[in-house]
Amino acid sequence: MNLIQKIKDKKILEILQEANQITLKNHGNEITLERAIFLSWWCDKGDCSFCYMSSQKPLIQDPKKARRRVEAILAEAEMVRRMGWNIEFLSGGYGAFTTPEIKNIATQIHQITDNPVWLNVGITSELDAYGEEVTGVTGAVEVANPELHQKICPSKPLNDITTMLTTAGDLGFKKAITIILGLGETPEDLQYLWEMIRDLEIDRIIFYSLNPHPDTPYADTPQPASLYYAGVVAATRIKFPQLEIITGTWVDNLANIGPLILAGSNGITKFPLFKMFGTRYGRRVEEEVQWAGRKLKGTFTDPACLDGESPSVELEPFLKRYIKSCLNNKTEYKV
Ligand code: SF4
């Protein structure tokens, strides 16, 4: 029976078991914590119907003011390094930073973490500006069904994303895509997704589940069911044993983590890091990983990791602020 049919027939446990074995065999038992580092709160496009930025765009007069300070970005990278997390990617709405500026930030982060970064900075024709500071390029596909994509993300055509990813591959970068579940897709739409992964030779996929924002058409849409989410990830793992899979879970859905790991996740993401660090929510993430029979790389709870030498004096005040925020978390994080 094919995998899509198995999802439709709710044979989720069956595919989870198979996916788990494939994952352990090909990837071992380590799970990473991933942190997307945002460059700005501005997006030039601002019309993807599910996106928080689409509700903010009319409120922001000057895109430059929505940029984060570079010191804050670099201090966040240093904190992520201290906690043993990975940087999922550098992410920024379109049009907030120029390519040389992004390259400069990526270079400094590479120096801080010793790892080249993934980019998720929109469709660009300037990839040849990047070098060893960048490991790969992410296409924010969100939904692989072309008709749905056209409706939901009218300003970032699929063709432009696939062209960029092809160029990224030609330049020697790795390739990733992001997908959001719960935007109205069906299990059959996995055909589009799997074709894309195969044709573009995608190295990494990041699945998120819809996080319904007020002031968007999805405000009253439920998040996708946990077993549907796990089923989609498991089927993708079975199809692509070598693929790196990251799955996003917001703090109100931590119980998804265990099933998503069994389904084939290599890493988990989408947490409000500084608010959750050291709280029972952070501990819950660690327990979800442990009860899935995996070993967590890094920590969500150990305050001993927070101290360290600052990479530069300019970052010190920002590091202090982040550390204070982590240590203040003795009250519980409110969802
Ligand atoms: S391009 Fe990205 S940041 Fe901009 S509206 Fe769409 S999803 Fe949001």
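Calculation notes
Residues numbered from 1 in each chain as written. Predicted model: local features only at pLDDT ≥ 70, side-chain atom pairs only at ≥ 80, totals over all residues. Heavy atoms only, no water. Helix = DSSP H or I, 4+ residues; strand = E, 2+ residues; numbered from the N terminus. Rg over C-alpha atoms; globule rule 2.2 N^0.38 Å. Contact = heavy atoms within 4.5 Å. Areas by Shrake-Rupley, 256 points an atom, 1.4 Å probe, with all protein chains shown as cover. Core = buried A, V, L, I, M, F, W, Y, C linked by side-chain atoms within 4.5 Å. Buried < 20%, exposed > 50% of the residue type's maximum accessible area, 1.4 Å probe, protein only. 1 Å grid on protein atoms, 1.4 Å probe; cavity = no way out; pocket = protein on both sides within 12 Å on 5 of 7 lines; lining within 4 Å. Points joined across faces, edges and corners; volume = space filled by probe spheres on them. Nonpolar A, V, L, I, M, F, W, Y, C, P; charged D, E, K, R; others polar. Salt bridge = Lys/Arg side-chain N within 4 Å of Asp/Glu carboxyl O. Phe/Tyr/Trp six-rings, centres within 6.5 Å; stacked < 30°, edge-to-face > 60°. Expected span 1.5 Å × (residues − 1). Axes fitted to C-alpha atoms, helices over the stretch in contact; angles between N-to-C directions. Parallel < 35°, antiparallel > 145°, perpendicular 65-115°, else oblique. Left-handed = near helix turned anticlockwise from the far one by under 90°. Pairing = 2+ DSSP bridges. Right-handed = clockwise from strand over helix to strand, strands pointing away.

A. Expanded view of the overall build of the protein chain. A count of helical and extended segments in the protein chain gives 13 helices and 9 strands. Relative to the compact-globule value of 20 Å for 335 residues, the protein chain shows a C-alpha radius of gyration of 19 Å, a close match. For the C-alpha atoms alone, the extent of the protein chain along its principal axes is close to 60 × 40 × 40 Å. For the protein chain, restricting intrachain contacts to residue pairs at least 6 apart in sequence, the fraction spanning at least 24 positions comes to 75%. Carbon and sulfur atoms form 50% of the exposed surface of the protein chain, whose accessible area is close to 15300 Å².

B. Region of the structure containing the nonpolar core. Ranked by size, the top nonpolar core spans 96 residues in total, and within it M83, I177, L193, F207 and F271 carry the most contacts. Those residues in contact with I177 that sit more than four places away from it in its chain are T138, G139, V141, L165, L193, M196, I197, I202, R204, I205 and I206. By size, the runner-up hydrophobic cluster in this structure holds 17 residues, among which are F50, W118, L148 and Y218.

C. Fine view of empty space enclosed by the protein. If you walk through the whole model with that rule in mind, you get 1 cavity of 30 Å³ or more. Forming the walls of the largest cavity are 16 residues, and the residues nearest its centre are I179, L181, E185, D189 and L193. Secondary-structure elements contributing two or more residues to the lining of the largest cavity are β5 (174-181), α8 (190-200) and α9 (226-239). At 3 residues, the largest contribution of residues to the lining of the largest cavity is made by β5. Split into classes, the residues belonging to the lining of the largest cavity amount to 11 nonpolar, 2 polar and 3 charged.

D. Quick look at the pattern of salt bridges. Scanning all chains against the criterion turns up 14 salt bridges. Close ionic contact of E76 with R35 constitutes a salt bridge, the shortest N to O distance being 2.8 Å. Placement of E76 in helix α4 (residues 70-83) and of R35 in strand β1 (residues 30-38) is noted, with a sequence separation of 41 residues between them. Just as E76 is buried, R35 falls in that class too. R69 serves as the salt-bridge partner of E71, at 3.5 Å between the closest nitrogen and oxygen. The exposed category is assigned to R69, whose relative accessible area is 53%.

E. Broad picture of the packing of aromatic side chains. Enumeration over the complete set of coordinates arrives at 4 aromatic pairs. Ring geometry for F271 against F300: centres 5.5 Å apart, planes inclined by 65 degrees, an arrangement best described as edge-to-face. On the criterion of sequence distance, the pair formed by F271 in the loop between β8 (267-269) and α11 (273-276) and F300 in the loop between β9 (295-296) and α13 (316-327) is long-range, its members being 29 residues apart. Classification of F271 as buried rests on a relative accessible area of 5%. For F300, a relative accessible area of 0% corresponds to the buried category.

F. Expanded view of α4. For α4, spanning 14 residues, the distance from its first C-alpha to its last is 20 Å, which sits close to the expected 20 Å at 1.5 Å a residue. Judged by how many residues are buried, α4 sits mostly within the fold: 11 of 14 residues are covered. Residues A72, I73, L74, A75, E76, A77, E78, M79, V80, R82 and M83 constitute the buried set of α4. Here the buried face of α4 lies against β1, β2 (86-91), α5 (99-113), α11 and α13. One or two steps after α4, the chain reaches G84, where phi turns positive at roughly 80 degrees.

G. Structural context of the packing of α4 against α13. Where α4 meets α13, the axes come as close as 9 Å, and the angle between the chain directions of the two elements is 50 degrees. Taken as axis vectors, α4 and α13 run oblique relative to one another. Note on packing geometry: the crossing formed by α4 with α13 is right-handed. Residue-level inspection shows E71, A72, A75, E76, E78, M79, R82 and M83 of α4 in contact with α13, the latter providing F318, L319, Y322, I323 and C326. Among the residues forming the contact of α4 with α13, the class breakdown is 9 nonpolar, no polar and 4 charged.

H. Structural context of the side chain of H110. Here H110 is to be found in helix α5. The contacts of H110, once residues within four sequence positions are left out, are N115, P116, E132 and E133.

I. Quick peek at the pairing of strand β7 (residues 244-248). With 4 of its 5 residues buried, β7 lies for the most part within the structure. Taken together, the 4 bridges between strand β6 (residues 204-209) and β7 define a ladder with parallel strand orientation. Bridging from a neighbouring strand, I206 pairs with I246 of β7. Assessed by its sense of winding, the connection that carries the chain from β6 through α9 to β7 is right-handed. Pairing of β7 with β8, which is carried by 3 bridges, proceeds in the parallel orientation. From the neighbouring strand, G248 faces β8, where its bridge partner is T269. Following the chain from β7 across helix α10 (residues 257-263) to the adjacent parallel β8, one finds a crossover that is right-handed.

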